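Working through the structure, step by step
Each chain, written out:
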Amino acid sequence: MAGLLQALVGASEKAAHIARLCRREDPLFQLLVAEKTGDDRNRRFLQDFKTLADVLIQEVIKHDLGKEFPELQGHIHGEESNEFRNGQGEMVAVRVCATPGDTAALLLAVLEPERAAAELLAAAAHQDVVLGDTELAGVELSIPPQDLAIWIDPIDSTNEYIAGCEDVAPVDGVTPAGLGSALVLIGAYDRHTGCPVLGVINEPFFCRDPLTCRWQGRYHWGVAYGDTRLCSLSPPPPCPLPCVVLSQAEGGAVRAALGPLCHGRLRFAAGAGYKMLCVVLGLVDAYVLSEGSTFAWDTCAPHAILRALGGGVVALAGALRARREGDTRDPPELVYNRPVEGAVGAERWANQGGLVAYVHPQRREAVLAAL
């Protein structure tokens, strides 16, 4: 399992490199930000380039993890379908081929006539990643990979990634929007119980190098398996006054209920992964969402890290129902191996009924009581 943890981190670093590459290299950047509509869109690229960037990152992670751990093949799941219909009406399944040349040729079948873009992406997909993380290298764990499955969110907060706003001022450390909320999320869960056990959050756009002005990233990882709790971060203390982060789209009833608890310290941010990262870092005590608008790939990786820090993620609707019925036990955590009964498509993996992500159980209880 230690080798798998290192592989997850390595895959997240390659994914982050591709995400940065798409914003840095002009042949890719022009496709990323171009507003392609009508005839021009049909001629150049039927699918938004942002979707291809997402899919390629997802397929790179699947390829690299499946190659190193064959036991995981067929159990690595992502947000995106890998099929595109190109300008000739042909269906192309995006994947990582045996050589950079073969991968470039496949990508060109989607991107025609953007040969330079296809070659840049193929080279990045085949690039080796070397981790110089001595702490990570020293982790020793024991769990059979064949007991695990993976959820990938290749670029969480895609809209912020495309918009690319770089100068959004943080509020008490929480950035309301912008490029910094675009994350790579890779989480492993127990196939049998659905419990998240390994998580990696990668921030591709953490800061700029003052000399080169190029973006630099960072990553965080956590392990929560049996009695083992390991994390690249220390558990954060509770905020001096309760503080909760919400989506800008969150309803007025939730805002009104939590406002008095937080003494007005409600924070707002984009991206489910980023809001959970704010909890992980101790910038807020909890992330509350009242709608079922997040999915397994959004929450699996951050959930594993929160568990490693002593916290977790509970289903809000179920927790409130239990409280109304007088059940004072700890509410059950989200699990990642059970599709929603009767749902189709992506909705099969929705986190129905909203959620509360937290580190400190007492703050979780205060939030549930307020709601």
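None of the values given here were measured: they were computed from a predicted structure.

**Some points on the environment of G273**
- Looking at where G273 falls in the secondary structure, it is placed in helix α10 (residues 272-280).
- Given a relative accessible area of 0%, G273 falls into the buried group.
- A sequence separation of 42 residues divides G273 from C231, and the C-alpha atoms of the two residues are 17 Å apart.
- Residue contacts for G273: discarding those within four places in its chain leaves D156, L183, L185 and D298.

**Points about the packing of aromatic side chains**
- What the rule picks out here adds up to five aromatic pairs.
- Both rings, one in F205 and one in W215, keep their centres 5.8 Å apart while their planes meet at 85°; by these two values the pair is edge-to-face. A residue pair is termed long-range when its members are at least 10 positions apart, and F205 in strand β6 (residues 196-208) and W215 in strand β7 (residues 215-225) qualify at ten residues.
- Aromatic ring contacts, followed pair by pair, group W151, F295, W297 and W349 into a single cluster.
- Directly above the aromatic system of Y161 lies the positively charged group of R23, at a separation of 5.9 Å from the ring centroid.
- One residue, R364, lies across the ring of Y358, its end atom 5.0 Å from the ring centre.

**Remarks on the nonpolar core**
- With 65 residues, the main nonpolar core has L8, I61, V94, I150, Y161, L198 and W221 as its most contacted residues.
- Tallying contributions element by element places helix α1 (residues 2-24) first for this core, with eleven residues.
- I61 has contacts with A11, A15, I152, V184 and I186, leaving out every residue within four places of it along the chain.
- V174, Y189, A272 and A357 belong to the second largest nonpolar core, which has 39 residues in total.

**Section: the environment of A53**
- For A53, the position within the fold is in helix α4 (residues 49-68).
- A53 sits in the buried class, given a relative accessible area of 1%.
- Taking the C-alpha atoms as reference points, A53 and L121, 68 residues apart in sequence, are found 8.7 Å from one another.

**Thoughts on the sheet that holds strand β13 (residues 355-358)**
- With mixed pairing, the five strands of this open sheet are ordered in space as β10-β9-β11-β13-β12. Only two strands of the sheet have a single partner each, and these edge strands are β10 (266-268) and β12 (312-315). When the angles between neighbouring strand axes are averaged without regard to direction, this sheet yields 25°.
- The pairing of strand β9 (residues 244-246) with β10 spans three bridges and is parallel. Its bridge partner being in β10, V245 is matched across the sheet by R267.
- Where helix α13 (residues 361-370) meets the sheet, its contacts fall on β9, β11 (286-289), β12 and β13, and the angle it forms with β13 comes to roughly 150°.

**Here we look at the UniProt feature "binding site: Mg(2+)" (unreviewed entry) in the chain**
- Within this structure's numbering, the places UniProt gives as "binding site: Mg(2+)" (unreviewed entry) are E79, D153, I155, D156 and D298. A maximum C-alpha distance of 9.8 Å among these annotated residues, which run over 220 residues, shows that they cluster at one spot.
- By the element assignment, D153 lies in strand β4 (residues 148-156).
- If near-sequence neighbours (up to four positions away) are discounted, D153 is found in contact with E79, L183, V184, L185, W297 and D298.

**Some words on the side chain of D209**
- Inspection of the secondary structure assignment puts D209 in the loop between β6 and β7.
- Buried and without a salt bridge, D209 has R214 as its closest oppositely charged side chain, separated by 9.0 Å.
- Side chain to side chain, D209 and Q216 meet in a polar contact 3.3 Å long.
- Residue contacts for D209: discarding those within four places in its chain leaves R214 and Q216.

**Focus: unusual backbone geometry**
- P113 follows E112 through a cis peptide bond whose omega is 10°.
- Looking at the secondary structure, you find P113 in the loop between α5 (100-111) and α6 (115-125).
- With a phi close to 50°, D172 is a non-glycine residue in the positive phi region.
- Residue position: D172 is located in the loop between α8 (158-163) and β5 (183-190).
- Classification of D172 by relative accessible area gives partly exposed; the value is 49%.
- A positive phi angle, close to 65°, is found at C213, a residue other than glycine.
- Inspection of the secondary structure assignment puts C213 in the loop between β6 and β7.

**Brief notes about the sheet that holds strand β8 (residues 228-231)**
- The six strands lie next to each other as β1-β4-β5-β6-β7-β8, forming an open sheet whose pairing is mixed. For this open sheet the edge positions go to β1 (76-78) and β8, each flanked by a neighbour on one side alone. For this sheet the average axis-to-axis angle between neighbouring strands, irrespective of direction, equals 15°.
- Bridge analysis of β7 against β8 gives four bridges, and the strand direction is antiparallel.

What counts, and at which threshold
- Residues numbered from 1 in each chain as written.
- Predicted model: local features only at pLDDT ≥ 70, side-chain atom pairs only at ≥ 80, totals over all residues.
- Heavy atoms only, no water.
- Helix = DSSP H or I, 4+ residues; strand = E, 2+ residues; numbered from the N terminus.
- Buried < 20%, exposed > 50% of the residue type's maximum accessible area, 1.4 Å probe, protein only.
- Contact = heavy atoms within 4.5 Å.
- Phe/Tyr/Trp six-rings, centres within 6.5 Å; stacked < 30°, edge-to-face > 60°.
- Lys NZ or Arg CZ within 6 Å of the ring centre and 35° of its normal.
- Core = buried A, V, L, I, M, F, W, Y, C linked by side-chain atoms within 4.5 Å.
- Pairing = 2+ DSSP bridges.
- Axes fitted to C-alpha atoms, helices over the stretch in contact; angles between N-to-C directions.
- UniProt positions renumbered as here; feature names shortened; annotations may be inferred.
- Lys, Arg positive; Asp, Glu negative; His and termini not counted.
- Salt bridge = Lys/Arg side-chain N within 4 Å of Asp/Glu carboxyl O.
- Polar contact = N/O pair within 3.5 Å; in protein donor to acceptor, adjacent residues only side chain to side chain.

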